[in-house]
Amino acid sequence: MNKLAIALLALFTAAPQDKDKLFVESKDGSIVIEAENYHNKVDKEAKWVLVKEPAGFSGEGAMQAQPDADANNNGEDFPDISPRLDYKVKFAKAGKYRVWVRGYGKTDSDNSCHVGLDGKAVETADRIGDFPTQEGAW
């Protein structure tokens, strides 16, 4: 099975480093994306902001959805009300891909994220969460 590894710190504006960057699958079947290297950002009531704390990120920082208003976007309408970061990805072939997200939550009510495809929810990749509140983890 091919693996899609997305390195996102999911609590998570600054301008992306390269708006035209295309993430391409490597020979081992993985695609690694640093959250701050998005090509498009869609703000809603909350917006994604580049943060430098807590330490432990692997790129320039981590992305955090702010303000942290203890909002729970787990309803069916989450694709419409949640802020979004978009990444251009080229898959070598159609198939099943596994998504890995590195995340951290300040509290138990802000420790999750959703991952979609083409701006739509993907049932097997939404509501990724229960990230620890002490440090980032996969």
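Structure's up top.
Residues numbered from 1 in each chain as written. Predicted model: local features only at pLDDT ≥ 70, side-chain atom pairs only at ≥ 80, totals over all residues. Heavy atoms only, no water.

Undergrad: What's the story with the environment of Phe57 in this structure? I'm lost.
TA: Inspection of the secondary structure puts Phe57 in the loop between β5 (47–51) and β6 (62–66). In this structure Phe57 comes out as partly exposed when scored by relative accessible area, which is 29%. Each C-alpha atom, one on Phe57 and one on Arg102, is 8.8 Å from the other, the two residues being 45 residues apart in sequence. (Helix = DSSP H or I, 4+ residues; strand = E, 2+ residues; numbered from the N terminus. Buried < 20%, exposed > 50% of the residue type's maximum accessible area, 1.4 Å probe, protein only.)

Undergrad: How should I be thinking about the pattern of salt bridges in this particular structure?
TA: If charged atoms from side chains of opposite charge come close, those side chains can pair. This model, assessed by the stated rule, comprises two salt bridges. Lys41 is the salt-bridge partner of Asp43, the closest N and O atoms lying 2.8 Å from each other. With relative accessibility at 37%, the residue Asp43 sits in the partly exposed group. By relative accessible area, which is 24% here, Lys41 ends up partly exposed. Ionic pairing is found between Asp86 and Arg84, a salt bridge with its closest N-O pair at 2.7 Å. Owing to a relative accessible area of 16%, Asp86 belongs among the buried residues under this scheme. (Salt bridge = Lys/Arg side-chain N within 4 Å of Asp/Glu carboxyl O.)

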